[in-house]
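Next come the chains, spelled out residue by residue.
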Amino acid sequence: WAASPAWGALPRREAGEVLGVCVLNSYHFEPDDNEALFELGARVEHSCEPNASFSARPVGPGGDYRGEWRSTQPTPAGGAVS
């Protein structure tokens, strides 16, 4: 563990916290059945009745994809995206 270059000198407890945040805030991302973490997407609130949906859309001919959130119902100005 300590020799892993990916984690550097990050203490094991902090590395566990980082992994936990990544798991809780990641999105299923096609087409390769991966998980992706988005800086702004990680701030979207959880809701059992969400007002937005997530999808991955191809961007250009290079095989790149972009995560996109779209409103599924009216959200008031300043209202939370969930």
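Residues numbered from 1 in each chain as written. Predicted model: local features only at pLDDT ≥ 70, side-chain atom pairs only at ≥ 80, totals over all residues. Heavy atoms only, no water.

A. The overall build of the protein, seen in detail. Looking only at helices and strands, the protein has 1 helix and 4 strands in total. Seen in sequence order, the protein has helices and strands lined up from the N terminus as α-β-β-β-β. Here the protein holds 82 residues, and 12% of them are scored as buried. Long-range contacts, defined as pairs at least 24 residues apart, comprise 34% of the intrachain contacts of the protein with a sequence gap of at least 6. (Helix = DSSP H or I, 4+ residues; strand = E, 2+ residues; numbered from the N terminus. Buried < 20%, exposed > 50% of the residue type's maximum accessible area, 1.4 Å probe, protein only. Contact = heavy atoms within 4.5 Å.)

B. Up close: the layout of surface pockets. Volume-wise, the largest pocket comes out at about 200 Å³. Considering the residues around the largest pocket, the lining is formed by Tyr27, Val44, Glu45, His46, Ser47, Pro50, Ala52, Ser53, Phe54, Trp69 and Ser82. (1 Å grid on protein atoms, 1.4 Å probe; cavity = no way out; pocket = protein on both sides within 12 Å on 5 of 7 lines; lining within 4 Å. Points joined across faces, edges and corners; volume = space filled by probe spheres on them.)

C. Looking closely at the packing of aromatic side chains. Tallied over the entire structure, the rule returns 1 aromatic pair. When the centroid spacing of 4.9 Å and the interplanar angle of 55° are considered together, the rings of Phe54 and Trp69 count as tilted. You can see Phe54 sitting in strand β3 (residues 52-59) and its partner Trp69 sitting in strand β4 (residues 64-71), a full 15 residues away along the chain. On the basis of relative accessible area, Phe54 is assigned to the partly exposed category, the value being 22%. (Phe/Tyr/Trp six-rings, centres within 6.5 Å; stacked < 30°, edge-to-face > 60°.)

D. View of the environment of Ser26. As for its placement among the helices and strands, Ser26 is situated in the loop between α1 (12-25) and β1 (27-29). By relative accessible area, which is 22% here, Ser26 ends up partly exposed. Sequence separation of Ser26 and Ala36 is 10 residues, and the distance between their C-alpha atoms is 5.3 Å. The contacts of Ser26, once residues within four sequence positions are left out, are Glu35, Ala36 and Leu37.

E. Structural detail: the pairing of β3. For β3 and β4, the ladder comprises 8 bridges, and the chain directions are antiparallel. In the sheet register, Ala52 faces β4, and the bridge partner there is Ser71. Hairpin geometry of β3 and β4 is characterised by an intervening segment of 4 residues between the two adjacent antiparallel strands and by a positive phi of about 70° at Gly60. (Pairing = 2+ DSSP bridges.)

F. Inspection of the side chain of Ser82 at higher detail. Note on placement: Ser82 falls in the segment after β4. If we skip the residues at most four places from it in the chain, Ser82 touches Val44, Glu45, His46, Ser47, Glu49, Pro50, Asn51 and Ala52.

G. A look at the confidence of the model for the protein. Overall, the predicted model of the protein reaches an average pLDDT of 79, with 88% of residues at or above 70. β1 is the least confidently modelled element of the protein, averaging 73 in pLDDT, while β3 averages 84, the highest of any element. (pLDDT = per-residue confidence, 0-100.)

H. Representation of the pattern of salt bridges. Scanning all chains against the criterion turns up 3 salt bridges. A salt bridge links Glu17 to Arg13, with the nearest nitrogen and oxygen atoms 3.7 Å apart. Here Glu17 pairs with Arg13, and both are found in helix α1, just 4 residues apart, close to one helical turn. The partly exposed category is assigned to Glu17, whose relative accessible area is 44%. Relative accessible area serves as the criterion here: at 69%, Arg13 is assigned to the exposed category. The partner of Arg57 in a salt bridge is Glu68, with the nearest N and O atoms 3.3 Å apart. Residue Arg57 is found in strand β3, and its partner Glu68 is found in strand β4; the two are separated by 11 residues along the sequence. On the basis of relative accessibility, which here comes to 21%, the residue Glu68 falls in the partly exposed class. (Salt bridge = Lys/Arg side-chain N within 4 Å of Asp/Glu carboxyl O.)

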